Each structure stands twice: as C-alpha cells, then as structure tokens.
There are 2 protein chains.
Amino acid sequence: MRAAGADLHLELTGDGSRREQVMRALREAIASGRLAPGTRLPAYRSLALDLGIARNTAAEAYAELVAEGWLTARQGSGTRVARRSTPLAPEHVPRPAPPVRRPRHDLMPSSPDATAFPRAAWLTSVRRAVAAAPAEAFGVGDPRGRTELRGALAEYLARARGVRTSPERLVICAGFAHGLRLLGEVLGGPVAVESYGLAFHRSLLTGAGRTTVPLPVDDHGARVEELAATGATAVLLTPAHQFPTGGPLHPERRAAVIDWARATGGLVLEDDYDGEFRYDRQPVGAVQGLDPERVVHLGSISKSLSPALRLGWLALPGRLVDEVLAAKGERELWAGVTDQLALADFIACGAYDRHLRAMRRRYQRRRDLLVATLAARAPHIRVSGIAAGLHAVLELPPGTEPDTLRAARRLGLAVAGLSAYRHPDAAPSPRDGLVIGYGTPPEHGFGAALDALCTALPPAPEHPGPPGG
Amino acid sequence: MRAAGADLHLELTGDGSRREQVMRALREAIASGRLAPGTRLPAYRSLALDLGIARNTAAEAYAELVAEGWLTARQGSGTRVARRSTPLAPEHVPRPAPPVRRPRHDLMPSSPDATAFPRAAWLTSVRRAVAAAPAEAFGVGDPRGRTELRGALAEYLARARGVRTSPERLVICAGFAHGLRLLGEVLGGPVAVESYGLAFHRSLLTGAGRTTVPLPVDDHGARVEELAATGATAVLLTPAHQFPTGGPLHPERRAAVIDWARATGGLVLEDDYDGEFRYDRQPVGAVQGLDPERVVHLGSISKSLSPALRLGWLALPGRLVDEVLAAKGERELWAGVTDQLALADFIACGAYDRHLRAMRRRYQRRRDLLVATLAARAPHIRVSGIAAGLHAVLELPPGTEPDTLRAARRLGLAVAGLSAYRHPDAAPSPRDGLVIGYGTPPEHGFGAALDALCTALPPAPEHPGPPGG
C-alpha cells in the first residue's frame, strides 16, 4: 500500500477560510472519484507543508471530514477515503430543467398582464408595512393569517364585493387552490361543479377525497335547480362570471342556490376569481352576502394583482373556521409574512383600488379591441361573456374546434378550446368554441396576438345553404 | 299590503359613490332584519326624492341589488326584499378569535428570536430584487421556484453545508413541513423516524399515507444499524443535531445509513433544521454530500431567519424531481415571489452569512448563560446537546418530569418535556427531561426566563442514599 501524499494536488480556491477551502477541495476530489475509496491520505503535517497552511488547519479539516463521513481515521491505519464515498454514476448527473415553453402569442385564459404589476407601489407598501409590523410578525404566526391583512380584507370585501364577514371568519391561504383543497378536506360527500370549469379545480377536490358531479351550465349560469337531484352536499360556483362560458349567475338562481343550501344543509363555495373586473356597470356583489352561514367566499389576488404572490382567502361560516384551521395544520402552508403585511397596507392605503381601476381600463380597452377586430375580420364568429373578467368565448361552427386549435398552434398562438373545460361526466351537449384570455399579453404584443387569432379562425361559410335546405 | 316608503330611513355614510352608499345601506337594513323579506320598497323616484339623490342613482342601486339577489322586481308587484335574505341567527354571530396565549417566559424549542429579524437588510434585498426582477416573475411561475433563488441556494448550500446539488435539483417549498408532506406523498412504504422527534412531523407523514416506525436514539444519534429490521423504505433523520436529544449522528452511522440506502434502495431524508448553528467548531456538513442520489436534503429559513417567511427547499436526487413536482401540483402551494426574490438577493449579497454570524454569537451567549446559570443554581441537573442549535436538554431525576412541568406552568414558563417527543410505538425506555429552547425570548427577557426555569427545577436530593443502598 503506497503512502499517498506527494501526488495529492489540491487547488485551494473560492471563498471562505483556508480550512473551508481544504475541505471543499478534498470533498470534490473524493466526489469526482479522483481520490478512490480506501485511499490513504498524507499525514496532516505533510498536507500542511504541501499546501503552505497551518498544521492545525489541516488537522481540523481532516477531523471535520471524518465527522462528515468522507474520511475514516483509525489507529495505525492513518486517514483514508471512506469506502462509501463513490462518485455519482454517470446516469445520475442531473438533467438541466426543460426550458419553459413560451408561445409567441399567449391568449390562454390564465393570468393578468405580468408587466402591469405595480412594483413601485408594492415596494412602498412592503417598506411601510415591514417597518411598522410588531416583532412577533416574524415569529411563529397565527394560522388564520396576519391580523392586519384580515382586517383590511374584511373591510375591502364588504365595500367592494358585498361580502359579510369579519377578521375572525377570514382565513388567509396560499392562493385560491390552497383554500379549495382545505375545503375539500373538510367537506363530506360529493361536490357539484359547473359542467364547464377548470379540470385543475376538479382534481384538487378529488385529491382531497371528494367526487365531483357536473351541473349543466346555460346562458344564465349553472342550473342550480338541478342541484337537489345530484345528491351533492356542496356546490362550487363562479357566480360573478361563469368560467369559462362567461355569464353571471341569474338573480333567481342566486336566490335558488341559497334556498337549496338552507333546505339541505348544503354549502355553496363561491369562486370569486375575477369579481372586480366588470365593464358595463358596477360589479355584481358576492352571493355570500345573501347568507354568510351557507356560502364560503373564496378569493385571491391572482387575477387582480399577481398569481406569483400566492395569496388568497376564505370568508367562512363561523362554524367552519376551526375545522378549516385544523385541516390547514401546524405551520405548513401559510402565506409568507412579507406579502401578507404588504397586501394589508396596499389595500388600506388605496393602492389596490387604484390598481384595479387602472387594470379595469386596460382590460376594457383590450376587450373592446378584441370585439372590434372580430367584428371587422370575422363577423361570422359570435363573441360572448364579454361583460366582465379577463376572457371571452368565441363560438365556433360545430366540429371546427380541433382544426382551429391546430391552426393556432402553427401560428405560435396559445389558446384554449372550450371542450378542454368540459366535465368528463357532463351530459353530451358539446359546444365548439375558443376561450380567449386577453389579460396575459404585454400591451405591445396584444395587437399581433389578435392578428394571429383572426388568421386561425375558420373562414365564413361562402355559400350558406337556403333556409330549410 | 302597505306601500312602504315614508318609513324607509336609510343613512348614507362611508366611502364610495352615492349608489354604493345606497346599496350598502339597503343591504345592511335587509341583513339586520330591519327590512323583512317580502317588504315592498318605495318606487325609485320616491327613494331618490327622500334621499336627495339622482333618480338614475336610485334606479341603478335597485337594479344592482336585484342582480345580487337581495331584491326582486316583478311587473305589477314593485321591488321587494327577497324572501331568502333573512338576518343571521344569533347563534351564528362570529365569535372573536381566542387571543393567542403568550406565556410570560417562553423557553419552548421552536423558533428564533423574532426581535432579531434583520428588517433593514431584508427590506434592502426586497427593494433591490423586486426592482431587478424580470416582468415574468409576476406571472405564473415555475413550480420549482424562482431560478434566482435556486441558483443562490445551490451555491450557498454547497459552500456552507457541503450539499451537492444544482438549481435543477432544488425545489422551493413553503417551509420544511410542505417539503416533508410532498415527500410523504411520493414515497411508498413505511418511513423510519427517530424515536424522539416532533409529533408534527410524524403526523405529516401519516397524513400523506405513510406509517412511521420508531428508530431508537442514543448518545450517537439514531441507531441506523437497526434500520434493516424495520422494513422501512425511507428514514427521516436530524444528523447535524438530533432533535430533541441534541447530539450529532456519529460518523460511522453517517456512513452506515448510506450503506443501508445503497443496499436496499432506501431513501434518507435529512432534516437539516439548524445545521448552521454550531458553537464549538465548524458545522458538520450535510450527509447529503455523501450520496446525493440516496439523500434528500430538507432545509428552511425557519430557524436561521424567520418561520414567518415560509420558505424551505428540497435538494433532491435527480430521479425524484418530476415526481415531487407532480405532487406539488399546479399553482397550489408555491412560496410567494417577493420573499423568494428577496432571499436570493439576501444570500447573494452576503447579508445571510452576516445575519447567521450575528445570531450564532447571540445564541452562543445565551447557551453559555444557560449552562453557567444551571451550574451555579442547579448543579445536580445535567445539560446535554449544547454544541449546536437553539435548544438543550436538561436531564431530570426519573419520575420528576410531570411535577417540573407543572411548576413551570405555575411560573408562567412555557417549556417542553422530553416525553412529549417520544414516538408512541417506541420501546419503553422513558427518559425524564426538559427541552429548553433558548432562541425564542427577546434579549431583555432571557435572564428572567432562566430564573423561572431554575425555580421550577426539582431540588437536589438532600440526603443521597448510600451506594448500593
């Protein structure tokens, strides 16, 4: 067995103390396989001499690496590379992450214009709120969320959305989906969902142990009069602006769903995802205001401010607060304190209202441009669901949706087909259409996206058949 | 049926337009029961006259409330309060939140000193990072977490903790618990855990469908040589500083657990909760460095910076990244972008290292004061686990733990008994002790907390029995 030493070339580079540099160099030599398991290392005195470092630095580095399991030290056998520290096998070299594919034109109905995030105002709120917060804000917090935020939200939701709640009945979540999953865990029995909606929401509910039952959607929103027949104990609705078909829930159905809840003990889950954006008049207030003991109001700032801040809330019936907090659990999934404090300030100082007004104007301009462009270039395509929100539905001639989506893909245009939102168990009344999100593109890219859209749409029928033909 | 109107006194107050004020006043009158279901409201012309507002303002307010379901409007029947809008029953009035009980002296082993949160430096990082971030940072993000943060963490963890990883193998979570739950969902089979540990971690694993098997803990950490007999497919360890008993995992056991993982295909989950805090020498590097394909390194800033920021990470074997991302799901539980960006800057600019050095000094002073105070006032109590971390274990004479905890409670001292951490299925070798967290109290309160602790401890036996007696 040779006494290694002369050929142990270590290069000491990078930050940190000499000891840290020696340890890093040894770890790298072992991990790469350059120093094989069992190799005997030079005595620490020789290493110190070779590297021009203090003896006790070399001795400490050896001792640390023995403590870490890289080296072994035994009486009479010297210091050796531990047997287990083999290098990574080639197949384990980590793959680089696949690059996130960004379409040339993005008209997917998902998120607001990221370039419109109000950085300066947000930073002002962060600074003011973090500076003013009590020290306990940075300790283990309240699972309901920061009291400042629940106070600001209770006031805002009452004023802007007609929600009847109090800070004690609000629970802050890491976004809408987190809130829906918590409710899925708390509820018993199947949950009725709109027959057109996000598959992602359905899978959150099934992941929490619920089954989902489709409720047909027509021009007046979900047909809540059919709820009783479903056997569901809860219903998830988008009353302000049905997603994706685009209409508000009819006033009589708003009342009828409350009746159903009172008669059966059922719970209404109100997904108020874009309630702030209405263009023809004042936004319709939340259904929750009609009966706060039967309706959970779920909201977030994902559409109004940014989906990257991960902040949402549940306005709960008093009796559900403790159950939801138990499902939320100890310390797991709370939203970060910086954003919670900042949002409380952002709402309280009026910046949130200002931002919403500005975005409402911006999205209304885009909606108007969408409608005008289609009227000029594709007058045979009917647009619906345009009174509110960040998306519209284009009705396509039956059978043309798949070809239209293929044409869009060829043009680098990301856009959703209506059929992608259909509940797999929904009664077969397929509608062909496109769901167009006009929130996502940056201002300068919106015109080109509309142009691509018009190109992808099926042409008008050139020779319409005679009536009754 | 009377034609209401004259007696409809509405007080228009608060923010917003006249229409919003009218709507708010009407909603409140209905919600409180002052306007009963079925009540006929005055014609909008009369209301406008009564309130001194424009006619179309009154008409719009009525129309909005009809759309919201508060009112109904039928030809020939006028506008009425809807039947369903009954007031909240008295038993549904929300209870105020129970006040968070704050003990006079808090020596629970949980969180760092919240008063030491480096607000100014954090705000500097928030400002710089949010200003510099690309616009897409505020759109729908990467479920792995921000690339800036994964880059900064990969570099930091390699340098400070000997972790071998890359940005592609890091997944940002909303704290340690979130990461552990994701792993629980991805793993199959039972998970071995240390026989003394956090019940909260065990319940996270069982909540994700795993069973937990206790692994005995002695002065050299977990007895990993007994792993094979447990049938576990994964093991959760605290190698740097066993929680709560306080020792590091012995170097031979570090190697042995890697051997076990290689022989059985098992996975080691390394909970590196306070790895940065070691007082007698350089912190021991992570076990993960010995075999990044067999060990998941779980870390967070809950001990090092603040548990309120909700940021943690998993350094994963390459083959597990996709499975963990699938469990993480679409948009649900990501950490907020402000804190992610800020932490990346905070690490990269050196503020994190500076903060850790300052806190290490502060906690070392407290530890020294704890040891010195006990040596002076309770020399019969052995202190262990003091080389690292934010807590120590005081060994108590057998059978005295319950009385000591009661005495502490009477003094307003929050402190944990060792038995609270014992796995319910652990072999019966109960140890009496207290787990003392010295991180939580503010600087000015630490002396008084130690004083209360010494008062609560059992007195020295006055007449020790003769040996063998």
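Residues numbered from 1 in each chain as written. Chains lettered and ligands numbered in written order. Predicted model: local features only at pLDDT ≥ 70, side-chain atom pairs only at ≥ 80, totals over all residues. Heavy atoms only, no water.

**A closer look at the pairing of strand β14 (residues 391-395) of chain B**
All names here are of chain B.
Item 1. Most of β14 sits out of view: four of its five residues are buried.
Item 2. In terms of strand pairing, strand β13 (residues 382-384) meets β14 through three bridges, oriented antiparallel. The residue bridging Arg 382 from the neighbouring strand is Glu 395, located in β14.
Item 3. In this antiparallel pair of consecutive strands, β13 and β14, the connection spans six residues, and Gly 385 shows a positive phi of 70 degrees. (Buried < 20%, exposed > 50% of the residue type's maximum accessible area, 1.4 Å probe, protein only. Helix = DSSP H or I, 4+ residues; strand = E, 2+ residues; numbered from the N terminus. Pairing = 2+ DSSP bridges.)

**Here's the deal with the domain arrangement of chain A**
Item 1. The domains assigned to chain A are domain 1 (3-92), domain 2 (117-349) and domain 3 (354-456).
Item 2. Distance between the C-alpha centres of domain 1 of chain A and domain 3 of chain A: 62 Å. (Domains from an automatic or database assignment.)

**Overview of the pairing of strand β14 (residues 391-395) of chain A**
Item 1. In the sheet, β14 of chain A pairs with strand β17 (residues 433-437) of chain A via five bridges, with the strands oriented antiparallel. Bridge pairing links Glu 395 of chain A to Gly 433 of chain A in β17 of chain A.

**Focus on the confidence of the model for chain A**
All names here are of chain A.
Item 1. Scored by pLDDT, chain A comes out at a mean of 88, with 92% of its residues at no less than 70.
Item 2. Long-range and interchain partners of residues 1-6, a stretch whose pLDDT sits below 50, account for nine contacts in this model, where long-range means more than four residues apart.
Item 3. Throughout residues 88-94 the model reports pLDDT below 50, and contacts reaching past four residues in sequence, or to other chains, amount to nine contacts.
Item 4. Interface confidence for the predicted complex, given as ipTM, is 0.84, next to a pTM of 0.85. (pLDDT = per-residue confidence, 0-100. Contact = heavy atoms within 4.5 Å.)

**Remarks on the nonpolar core**
Nonpolar side chains in soluble globular proteins generally cluster together in the buried interior.
Item 1. Counting 137 residues, the largest nonpolar core has Leu 453 of chain A together with Leu 453 of chain B as the members making the most contacts within it.
Item 2. Those residues within four positions of Leu 453 of chain A in sequence are excluded, and the remaining contacts are Leu 107, Leu 370, Leu 394, Leu 413, Leu 434 and Ile 436 of chain A.
Item 3. Judged by nonpolar contacts, the second largest core, of 41 residues, contains Leu 12 and Ile 30 of chain A together with Val 235 and Leu 249 of chain B. (Core = buried A, V, L, I, M, F, W, Y, C linked by side-chain atoms within 4.5 Å.)

**Points about the pattern of salt bridges**
Item 1. Counted by the stated rule, this structure contains 54 salt bridges over all chains.
Item 2. The salt bridge involving Asp 345 of chain B is made with Arg 128 of chain B; its shortest N-O contact spans 2.8 Å. Here Asp 345 of chain B is found in helix α11 (residues 337-348), whereas its partner Arg 128 of chain B is found in helix α4 (residues 119-132), with 217 residues between them in sequence.
Item 3. Several salt bridges converge on common partners, so that one network encompasses Asp 113, Arg 362, Arg 365, Arg 366 and Glu 443 of chain A. (Salt bridge = Lys/Arg side-chain N within 4 Å of Asp/Glu carboxyl O.)

**Things to note about the interface of chain A and chain B**
Item 1. The interface is formed by 94 residues belonging to chain A together with 94 residues belonging to chain B.
Item 2. Carbon and sulfur atoms make up 55% of the surface buried where chain A meets chain B, a total of about 8100 Å² over both sides.
Item 3. Summed over the shared surface of chain A and chain B, the number is two salt bridges.
Item 4. Residue Arg 74 of chain A pairs with Glu 252 of chain B through a salt bridge whose shortest N-O separation is 3.5 Å.
Item 5. At the surface where chain A touches chain B, the tally comes to 22 residue pairs in polar contact (both at pLDDT 80 or more).
Item 6. Taken together, the elements giving at least two residues each to the side of chain A that touches chain B come down to α1 (18-31), α3 (55-68), α4 (119-132), α5 (147-161), α6 (176-186), α7 (199-207), α9 (251-264) and α11 (337-348) of chain A.
Item 7. Residue composition of the side of chain A that touches chain B, grouped by class: 42 nonpolar, 18 polar and 34 charged. (Buried area = accessible area lost by both parts, 1.4 Å probe. Polar contact = N/O pair within 3.5 Å; in protein donor to acceptor, adjacent residues only side chain to side chain. Nonpolar A, V, L, I, M, F, W, Y, C, P; charged D, E, K, R; others polar.)

**A few points about the sheet that holds strand β9 (residues 234-237) of chain B**
All names here are of chain B.
Item 1. Read across the sheet, seven strands follow the order β4-β12-β11-β10-β9-β5-β6 without closing on themselves; strand pairing throughout is mixed. Either end of the sheet is taken by a strand with one partner, and the two such strands are β4 (170-173) and β6 (212-215). With strand direction ignored, the average angle separating the axes of adjacent strands in the sheet is 20 degrees.
Item 2. With four bridges joining them, strand β10 (residues 267-271) and strand β11 (residues 295-300) adopt parallel strand pairing. If you follow Leu 269 over to β11, its bridge partner there is Val 296.
Item 3. Packing of helix α5 (residues 147-161) onto the sheet brings it into contact with β4, β11 and β12 (312-315), and relative to β4 it is tilted by some 110 degrees. (Axes fitted to C-alpha atoms, helices over the stretch in contact; angles between N-to-C directions.)

**Section: the packing of aromatic side chains**
Item 1. Enumeration over the complete set of coordinates arrives at 16 aromatic pairs over all chains.
Item 2. Note on Phe 117 of chain A and Phe 138 of chain B: the rings are 4.2 Å apart at their centroids and 5 degrees apart in plane angle, and the pair reads as stacked. Of this pair, Phe 117 of chain A sits in the loop between β3 (105-106) and α4 while Phe 138 of chain B sits in the loop between α4 and α5, each in a different chain. The burial state of Phe 117 of chain A is the same as that of Phe 138 of chain B; both residues are buried.
Item 3. In textbook terms, an aromatic cluster arises when at least three aromatic residues are bridged by ring pairs, as seen for Phe 117, Trp 122, Tyr 156, Phe 346 and Tyr 352 of chain A together with Phe 138 of chain B.
Item 4. Stacked on the ring of Tyr 196 of chain B, the Lys or Arg Arg 431 of chain B has its end atom at 5.7 Å from the ring centre. (Phe/Tyr/Trp six-rings, centres within 6.5 Å; stacked < 30°, edge-to-face > 60°. Lys NZ or Arg CZ within 6 Å of the ring centre and 35° of its normal.)

**Here's the deal with the packing of helix α2 (residues 44-51) of chain B against helix α3 (residues 55-68) of chain B**
Residues and elements named next belong to chain B.
Item 1. Running from N to C, α2 and α3 cross one another at 120 degrees; their axes reach a closest spacing of 8 Å. Judged by the angle between their axes, α2 and α3 are oblique. As for the relative orientation of α2 and α3, their crossing is right-handed in sense. Every residue of α3 that contacts α2 at Tyr 44, Arg 45, Leu 47 and Ala 48 is listed here: Arg 55, Ala 58, Ala 59 and Tyr 62.
Item 2. Here the residues of the contact of α2 with α3 are counted per class, giving six nonpolar, no polar and two charged. (Parallel < 35°, antiparallel > 145°, perpendicular 65-115°, else oblique. Left-handed = near helix turned anticlockwise from the far one by under 90°.)

**Description of the environment of Ile 258 of chain B**
Item 1. Looking at where Ile 258 of chain B falls in the secondary structure, it is placed in helix α9 (residues 251-264).
Item 2. The sequence separation of Ile 258 of chain B and Val 287 of chain B amounts to 29 residues, and the corresponding C-alpha distance is 8.5 Å.

**Let's talk about the environment of Leu 390 of chain A**
Item 1. Tracing the sequence through the fold places Leu 390 of chain A in the loop between β13 (382-384) and β14.
Item 2. With sequence-adjacent residues up to four places away left out, Leu 390 of chain A is seen in contact with Pro 112, Asp 274, Phe 277, Tyr 279, Lys 303, Tyr 363, Ile 436, Gly 437, Tyr 438 and Gly 439 of chain A.

**A short note on the sheet that holds β14 of chain B**
Note on sheets: strands pair through backbone hydrogen bonds, and any given pair is parallel or antiparallel.
All names here are of chain B.
Item 1. Ordered by their spatial adjacency, four strands build an open sheet running β13-β14-β17-β16, and the pairing between neighbours is antiparallel. In this open sheet, the two edge strands, each paired with only one partner strand, are β13 and β16 (416-417).
Item 2. Bridge count for β16 against strand β17 (residues 433-437) is two bridges, and the pairing is antiparallel. Within β17, the residue paired with Gly 417 across the bridge is Leu 434.

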